[in-house]
Amino acid sequence: MRKCFSALLSILCIGSLFSQEVTRDTTFRAEGNPVIRYKYTADPGAMVYKNKFYLYTGHDVCPKGQERYVMNDWCVFSSDDMKTWTEHPTPLRAKDFAWAKGDAWASQVIERNGKFYWYVAVEHGTIHGKAIGVAVSDSPTGPFKDAKGSAIITNDLTTKYTKISWDDIDPTVFIDDDKQAYLFWGNTQCYYVKLKENMIDTIGSIVAVPNLPRFTEAPWIHKNKDWYYLSYASEFPEKIVYAMSRKITGPWQYKGILNELAGNSNTNHQAIVEFKGKSYFVYHNGGADVGGSSFHRSVCIDQLFYNKDGSLKRVQMTTEGVSAVK
Ligand code: FUB
């Protein structure tokens, strides 16, 4: 009976409900992992602002029976306690970038001077390959609009490093203590470039980051005490590994596996943030009860712990998820 119901739900959801845009705030309580169970969410980016946790995700809407990324828009969720979440109206779509032709892939939002910048990967409309764009809003929940009117990074800027057309994806932005912002991204090769204070123009040349063994994609930069951490997806199917450095520009020292293969999804894309005194590892897997797969992914959250020497303890993926914080 339960199986019949799941199958029916799967057909209904994958075809319709799961792919709809959200038009009003919807509040729900997380019952562990996956956090969001009424739609497929992927490629999490996380931000903490004014004591609230903001979760930004992609949205898998691949038709049932197909195996490819079908992603048209992004989603935003917020929580005060990691248990009660609100999904806000659809804040951004690939079509909001007039120069892009689709593919709302991985992204990250960061605040600067009271504005919120959303860095995204999309397929460029006229320059072959993936590209990175940025949208801006006065609110962490949007609505966001294209901040530049063109891509920040296009595939033709990086063909000297790799000939593939999908290496310019998975942006992550970090503002260092001296206020210099850095955009990191990549697939097969990890890159960074400095950003101007306006957060939409680059400064200087693109740097190809050396010594990140078996780099696949999904770089994420965070800092804890005096250490910088560059975590990334490695090999395929992916596990998440990490490197540490005393400077954001490296040299990076490879430290090994942070999160093991999920097993039910080829990708695992992570974000790492601190919220109310705890560190969180936000990622996706294909573990949804109904129809979960590499192309129907779901965001999960578990705790992240540090060793005394600053290295990271391997993440324990759980179905229970994280407990409520005050
Ligand atoms: O969601 C599309 C792609 O899959 C992302 O850009 C990668 O990080 C992987 O999760």
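Residues numbered from 1 in each chain as written. Predicted model: local features only at pLDDT ≥ 70, side-chain atom pairs only at ≥ 80, totals over all residues. Heavy atoms only, no water.

## Notes on the pattern of salt bridges
Line of reasoning, step 1. Under the criterion given, the structure shown has 14 salt bridges.
Line of reasoning, step 2. For Lys-39, the salt bridge identified is with Glu-87, shortest N-O distance 2.7 Å. Placement of Lys-39 in the loop between β1 (26–29) and β2 (41–49) and of Glu-87 in strand β5 (residues 84–93) is noted, with a sequence separation of 48 residues between them. You'll find Lys-39 and Glu-87 in the same group, each marked buried.
Line of reasoning, step 3. One salt bridge in this structure joins Lys-130 and Asp-103, with 2.9 Å as the shortest N-O distance. (Salt bridge = Lys/Arg side-chain N within 4 Å of Asp/Glu carboxyl O. Helix = DSSP H or I, 4+ residues; strand = E, 2+ residues; numbered from the N terminus. Buried < 20%, exposed > 50% of the residue type's maximum accessible area, 1.4 Å probe, protein only.)

## Structural notes on the site of the ligand
Line of reasoning, step 1. Around the ligand, the neighbouring residues are Asp-43, Tyr-69, Met-71, Trp-105, Ala-106, Ile-169, Asp-170, Glu-217, Thr-267, His-269, His-284 and Arg-297.
Line of reasoning, step 2. Side-chain polar atom of Asp-43 to an oxygen atom of the ligand: 2.5 Å apart, as the coordinates give it.
Line of reasoning, step 3. In this structure, an oxygen atom belonging to the ligand sits 2.6 Å away from a side-chain N or O atom of Asp-170.
Line of reasoning, step 4. A per-class count over the shell around the ligand returns 5 nonpolar, 3 polar and 4 charged. (Near = heavy atom within 4 Å. Polar contact = N/O pair within 3.5 Å; in protein donor to acceptor, adjacent residues only side chain to side chain. Nonpolar A, V, L, I, M, F, W, Y, C, P; charged D, E, K, R; others polar.)

## Re the nonpolar core
Line of reasoning, step 1. The biggest cluster of nonpolar side chains holds 36 residues, and the ones touching the most others in it are Phe-53, Met-82, Trp-85, Leu-258, Tyr-280 and Val-282.
Line of reasoning, step 2. Of all the secondary structure elements, the ones that give two or more residues to this core are β3 (52–60), β4 (71–79), β16 (215–224), β17 (227–234), β18 (239–245), β20 (271–275), β21 (278–285) and β22 (298–304).
Line of reasoning, step 3. Ignoring sequence-local partners within four residues, the contact set of Phe-53 consists of Ala-46, Met-47, Val-48, Phe-77, Ser-78, Ser-79, Met-82, Trp-85, Val-273, Phe-275, Tyr-280 and Val-282.
Line of reasoning, step 4. In this structure, Ala-104, Ala-131, Phe-144 and Ile-169 belong to the second largest nonpolar core, which totals 25 residues. (Core = buried A, V, L, I, M, F, W, Y, C linked by side-chain atoms within 4.5 Å. Contact = heavy atoms within 4.5 Å.)

## A short note on the sheet that holds β1
Line of reasoning, step 1. An order of β1-β5-β4-β3-β2 is seen for the 5 strands of this open sheet, with the pairing classed as antiparallel. Bordering the open sheet on either side are β1 and β2, each of which pairs with just one other strand. Across this sheet, the average inter-strand angle for adjacent strands is 30 degrees, counted without regard to direction.
Line of reasoning, step 2. Of the strand pairs in this sheet, β2 and β3 are connected by 7 bridges, and their pairing is antiparallel. The residue bridging Ala-42 from the neighbouring strand is Gly-58, located in β3. (Pairing = 2+ DSSP bridges. Axes fitted to C-alpha atoms, helices over the stretch in contact; angles between N-to-C directions.)

## What about the packing of aromatic side chains?
Line of reasoning, step 1. Under the criterion given, the structure shown has 23 aromatic pairs.
Line of reasoning, step 2. Ring geometry for Phe-215 versus Tyr-232: centroids 5.2 Å apart, planes at 40 degrees, classification tilted. With Phe-215 in strand β16 and Tyr-232 in strand β17, this pair connects stretches of sequence that are 17 residues apart.
Line of reasoning, step 3. Judged by its relative accessible area of 9%, Phe-215 is buried.
Line of reasoning, step 4. The rings of Tyr-54, Tyr-56, Trp-74, Phe-97, Trp-99, Trp-118 and Phe-144 are connected pair by pair, giving a single aromatic cluster.
Line of reasoning, step 5. When the ring centre of Trp-105 is taken as reference, the NZ or CZ atom of Lys-130 above it lies at 4.2 Å.
Line of reasoning, step 6. In this arrangement the basic side chain of Arg-246 is found over the ring face of Trp-227, its NZ or CZ atom lying 3.6 Å from the centre. (Phe/Tyr/Trp six-rings, centres within 6.5 Å; stacked < 30°, edge-to-face > 60°. Lys NZ or Arg CZ within 6 Å of the ring centre and 35° of its normal.)

## A few points about the confidence of the model for the protein chain
Line of reasoning, step 1. Confidence in the prediction of the protein chain, expressed as mean pLDDT, is 94, and 94% of residues score 70 or more.
Line of reasoning, step 2. Confidence over residues 1–15 falls short of pLDDT 50; this stretch has 15 contacts with residues more than four positions distant or in other chains. (pLDDT = per-residue confidence, 0-100.)

## Details of the sheet that holds β22
Line of reasoning, step 1. Taken in spatial order, the 3 strands make up an open sheet running β20-β21-β22, and their pairing is antiparallel. Edge positions in the sheet fall to β20 and β22, since each of these pairs with one other strand and no more. The average angle at which neighbouring strand axes cross in this sheet is 30 degrees, direction not considered.
Line of reasoning, step 2. Pairing of β21 with β22, which is carried by 7 bridges, proceeds in the antiparallel orientation. Paired with Asn-285 across the bridge in β22 is Ser-298.

## Comments concerning the pairing of β17
Consecutive side chains of a regular strand alternate in pointing toward one face of the sheet and then the other.
Line of reasoning, step 1. Counting buried residues along β17, 8 of its 8 residues qualify, which places the element largely inside the surrounding structure.
Line of reasoning, step 2. By the alternation rule, side chains of β17 split into Trp-227, Tyr-229, Ser-231 and Ala-233 and Tyr-228, Leu-230, Tyr-232 and Ser-234, which are all buried.
Line of reasoning, step 3. Turn length for the β16-β17 hairpin, with the two strands adjacent in sequence and antiparallel, is 2 residues, and the turn residue Lys-225 shows positive phi of about 55 degrees.
Line of reasoning, step 4. Bridge analysis of β17 against β18 gives 7 bridges, and the strand direction is antiparallel. For Tyr-229, the partnering residue across the bridge sits in β18 and is Met-244.
Line of reasoning, step 5. Counting the residues in the hairpin turn of β17 and β18 gives 4 residues, including Glu-235, whose phi is positive at 60 degrees.

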